[in-house]
Amino acid sequence: MYLIETRDLNKVYGSKQILKNINLRIETGDAYALIGRSGAGKTTLLRILDLLEEPTSGEVWINGSRLTHKGTSALEARRKMAFVLQKPMVFNSSVYNNVAVGLRWRRENKHTIRNQVERILEMMELIDFKDRNARTLSGGEAQRVALARAMVIQPQVLLLDEPTANLDPLSTSRIETSISRIIDEFDTTVIMATHDMTQGQLLANKIAMIIDGEIVQEGSPRDIFYSPSDKAVARFVGIENVLDGVVITNTQGIAIIHTSDNQIEAVTDYPVGSTVSVCIRPEDITISKTRSSSSARNCFSGSIRRISELGPLARVELDCGFDIVSLITKSSAQELEIEKGMIIYASFKATALHVIGDSHVVETVQEESTRKKA
Amino acid sequence: MNELWDGLTKAIELLITLDSEVMQIAGRSLQFAAISSALASLICLPLGSLIHFYQFPGKRILVSMIQTLYSFPTVGIGLFVFVFISSSGPLGDLELLFTPTAIIIGQMTLISPILLGLTISALSGVNTSIKDTALSLGANDRQAMVVVLKEARFAVVAALVVGFGRAISEVGVSMMVGGNIRGFTRVLTTAIALETSRGELELSIALGIILLGLALIVNIILYRIQQR
């Protein structure tokens, strides 16, 4: 039995369909991330799970019971959860009162309230702020109050909507550490919506990619990051190099894919004639001044179009007849003494590529694979 | 100008000497307005919250009607209450006409639309995320309502101030259903009307200044409460 399950959930506002046939299955203890762009429907989905909104159609189940939006059963279900909204909305009172409010509503005694509130304030490093008006706190501190307020009630499910949106890097890091501690130290299932891929990868053990209200892929962070199911997911997870092509040969899983005027070798089961997209992560592309003699099957020469610095990394844009982007360390870039206009070689392994087929090709390959197994 | 100056000095004199009749009239004004404001708030704050929180057919029309009643003339309310409590009216048997109770009922009727409308406006001004936050932390509907009311307390107190101001300064209701009976239902406004008609302008101005002073003191007290 799943802790939370949604069945064919749909939400329509006016003429716009916000959610399309959402079927989630979340198990106890999961740290589950809903990842997608702003406006993809993540917040609406969380609001439906927390019974703040009703779906247009479909069902939400918790612990094997179907949720209803009215009556005491709705309140009971909601009291098993806590939802931290995107914009931390703290009440106009002290930090202590903000955090204590959920326990007071549950009619806990004063002694329990004081113990639990102080414990969670210590954990969130907020104890020194306990008498301060929460409205005078910074965005990061207010978000920590919101997290403490949610966790003090020890919810079965913690829903987080963009927990670090609009925060500075330091506050983001503190919130991520706090969420990580919650995942590790509490028996709470965490469901978070974020547009930040790195955050999803850092905190979640399962990820659902949501694009235009539809879950297009679900799996472990590794599945999503290294085996995206379509081009939109690939681009969203930071695979900047997506080349369209056709499989022209395939010998025991080593395929030659024709892309514009080049040929790329890749490990894939797609048969000859398949229309595919080849995904190459920028960090999997190495660059050198001479043709690489390494095991990399693919090596292309090209001129450097642009070099930009990204913290400790350098992003190198190359024109190899097709556009390609490589991420190397800044020290490697300095050692190679690369500069704009220089001709260099970009290499990548056939095994480092991820090949995505057109949907009808995917179905054909899956059918073929099933037939072989049978 | 002389009359105004004389009125001012007279007011100071009446205050310093604690003129017993003036003090009684002022006390009565304060008492009636405070009771009617408190009773009306007890009804209008929860009712305004219910109207704000729940969706029902005709809600917009109802809110528009409430807002229209803000400007209902006090004599109109006086007449309305008079019809109800006069000896031939539906509540005639209660013999409320020309009693303090009649004034309080009239003032409550007068300020209820203001308190209702301004409560609804005050709650509408609160970020909807406050209610969502409360619900998502396990508040039931009533607890969420209290949270939103607390968040709107500045605007709600402002509504109370406006309601009290309207109650203490009205003359039509007190005159029509209170009867301006000396020592019983005479309040500052009816006394001002009477003294002016009798040509006692100095006393009228003095009473007017006392009325303003009372309103000011009550406003200051309410705003001090609001600041907490």
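Note that the coordinates shown come from a computational prediction; the quantities given were computed from them, not determined experimentally. Residue numbers restart at each chain and count upward from 1, following the sequence in its written direction. Each chain is given a letter, starting from A, and each ligand a number, starting from 1, according to the order in which they appear as written. Totals for whole chains, interfaces and linings use every residue, but because this is a predicted model, local features are given only for residues with pLDDT of at least 70 and side-chain atom pairs only at 80 or more, for both listing and counting.

1. What to know about the overall build of chain B
Convention followed: Note on conventions: DSSP H or I runs of at least 4 residues are helices, E runs of at least 2 residues are strands, and numbering of each starts at the N terminus. For the purpose of contact definition, each residue receives a C-beta atom placed from its backbone, and two residues are in contact when these atoms lie within 7 Å.
On a plain count of helices and strands, chain B comes out with 11 helices and 0 strands. In sequence order, chain B lays out its α and β elements as α-α-α-α-α-α-α-α-α-α-α. In terms of overall dimensions, chain B has a C-alpha envelope of 65 × 45 × 25 Å along the principal axes. Taking as baseline every contact in chain B between residues at least 6 positions apart, the subset at least 24 positions apart corresponds to 76%.

2. As for the overall build of chain A
Scanning chain A from N- to C-terminus turns up 11 helices and 21 strands. Dimensions of chain A, computed from the C-alpha atoms along their principal axes, are close to 75 × 55 × 40 Å. Of the contacts formed within chain A by residues at least 6 apart in sequence, a portion of 64% connects residues at least 24 apart.

3. Here we look at the confidence of the model for chain B
Residue and element names in this part refer to chain B. This is how the line gets drawn: By definition, pLDDT measures how confident the predictor is in each residue, and it falls between 0 and 100.
Taken as a whole, chain B shows an average pLDDT of 91; of its residues, 99% reach a score of 70 or greater. For chain B, per-element mean pLDDT is lowest for helix H1 (residues 2-16), which scores 80, and highest for helix H5 (residues 100-124), which scores 95. Two numbers describe this predicted complex: its pTM, 0.78, and its ipTM, 0.78.

4. Details of the interface of chain A and chain B
Put simply, the rule is: Residues are grouped as follows: Ala, Val, Leu, Ile, Met, Phe, Trp, Tyr, Cys and Pro are nonpolar; Asp, Glu, Lys and Arg are charged; all remaining types, including Gly, are polar.
Facing the 19 residues of chain A at the interface are 14 residues of chain B. Where the side of chain A that touches chain B is concerned, the elements lending two or more residues are helix H2 (72-78), strand S7 (81-84), helix H3 (95-105) and helix H5 (139-151) of chain A. It is H3(A) that provides the largest number of residues to the side of chain A that touches chain B, a total of 3 residues. Counted by class, the side of chain A that touches chain B contains 11 nonpolar, 2 polar and 6 charged residues.

5. Observations concerning the confidence of the model for chain A
Taken over all residues, the pLDDT of chain A has a mean of 89, while the share at 70 or more is 94%. No element of chain A has a lower mean pLDDT than helix H11 (residues 359-373) of chain A, at 55, and none a higher one than strand S8 (residues 157-161) of chain A, at 96.

6. Structural notes on H1(B)
Residues and elements named next belong to chain B. How we decide: What a helix should span is 1.5 Å times the count of its residues minus one. Exposure classification rests on a simple neighbour count of other C-beta atoms within 10 Å of a residue's own: a residue reaching 20 or more is buried, one at 12 or fewer is exposed, and one in between is partly exposed. C-beta atoms are placed from the backbone. To obtain the arc, one takes the directions from the helix axis to the C-beta atoms.
For H1, spanning 15 residues, the distance from its first C-alpha to its last is 21 Å, which sits close to the expected 21 Å at 1.5 Å a residue. For H1, the set of buried residues is Lys-10, Ala-11 and Leu-14. Down the axis of H1, the smallest arc covering the buried residues is 105°, so these residues share one side. Facing away from the buried side of H1 by more than 90 degrees, the exposed set consists of Asn-2, Trp-5, Ile-12, Glu-13 and Ile-16. Backbone geometry just after H1 places Leu-18 at a positive phi near 50°.

7. A few points about the nonpolar core
What counts here: Put simply, a nonpolar core is a cluster of buried Ala, Val, Leu, Ile, Met, Phe, Trp, Tyr and Cys residues tied together by C-beta atoms within 7 Å.
Of all hydrophobic cores here, the largest spans 163 residues; its most connected members are Val99(A) and Ala148(A). Ignoring anything within four residues of it in the chain, the contact list for Ala148(A) reads Val99(A), Ile120(A), Leu121(A), Met124(A) and Leu126(A).

8. Re the pairing of strand S21 (residues 354-357) of chain A
Residue and element names in this part refer to chain A. In plain terms, the rule: Pairing between two strands is assigned when DSSP locates at least 2 bridges connecting them.
Because side chains alternate across S21, one face comprises the buried residues His-354 and Ile-356, and the other comprises Val-355 and Gly-357, equally buried. Direction of pairing for strand S15 (residues 275-280) relative to S21: antiparallel, over a ladder of 4 bridges. Residue Val-276 lies in a different strand from S21, and its bridge partner there is Gly-357.

9. Describing the environment of Gln31(B)
Residues and elements named next belong to chain B. Considering the arrangement of structural elements, one finds Gln-31 in helix H2 (residues 20-53). The class for Gln-31 is partly exposed, based on 14 C-beta atoms found within 10 Å. Between the C-alpha atoms of Gln-31 and Gly-199, which are 168 residues apart in sequence, the distance is 27 Å.

10. Considering the sheet that holds S21(A)
All names here are of chain A. To keep things clear, this is the line we draw: Between N-to-C directions, angles cover 0 to 180 degrees, with each direction set by a line fitted to C-alpha atoms, over the stretch in contact for helices.
Here we have 5 strands laid out as an open sheet, ordered S14-S13-S12-S15-S21, and antiparallel in their pairing. Lying at the two open borders of the sheet, with one neighbouring strand each, are strand S14 (262-267) and S21. Going from strand to strand, the sheet's axes swing by 40° on average, the running direction of each strand aside. Examined bridge by bridge, strand S12 (residues 241-251) and strand S13 (residues 254-259) share 5 bridges and lie antiparallel to one another. Along S13, the bridge assignment pairs Asn-250 with Ala-255.

11. A short note on the sheet that holds strand S9 (residues 189-194) of chain A
Backbone hydrogen bonds hold the strands of a sheet together, and the pairing may be parallel or antiparallel. Residues and elements named next belong to chain A. Spatial strand order, S7-S8-S9-S4-S10-S11: 6 strands in an open sheet with mixed pairing. Both edges of this open sheet fall to S7 and strand S11 (214-219), since each of them pairs with a single strand only. Each strand axis lies, on average, 15° off the axis of its neighbour in the sheet, ignoring direction. Relative to S9, strand S4 (residues 31-35) runs parallel, the two being bridged by 5 bridges. By the bridge assignment, Ala-31 is partnered in S9 with Val-190. Running at roughly 150° to S9, helix H1 (residues 42-49) makes contact with S4, S7, S8, S9 and strand S10 (206-211) of the sheet. Lying on the sheet, helix H6 (residues 169-185) is in contact with S4, S8 and S9; it crosses S9 at an angle near 150°.

12. Some words on unusual backbone geometry
In this structure, Glu125(A) takes a positive phi of about 55° despite not being glycine. Assignment of secondary structure puts Glu125(A) in the loop between helix H4 (110-123) and H5. Accessibility expressed as a C-beta count within 10 Å gives 14 for Glu125(A), which makes it partly exposed. With a phi close to 50°, Leu18(B) is a non-glycine residue in the positive phi region. Residue placement: Leu18(B) occurs in the loop between H1 and H2.

13. Focus on H1(A)
Each turn of an α-helix holds 3.6 residues, which means side chains three or four residues apart point in the same direction. Residue and element names in this part refer to chain A. Across the 8 residues of H1, 7 count as buried, placing the element largely inside the fold. Taken together, the buried positions of H1 are Lys-42, Thr-44, Leu-45, Leu-46, Arg-47, Ile-48 and Leu-49. Just past H1, the residue Leu-51 takes up positive phi, approximately 65°.

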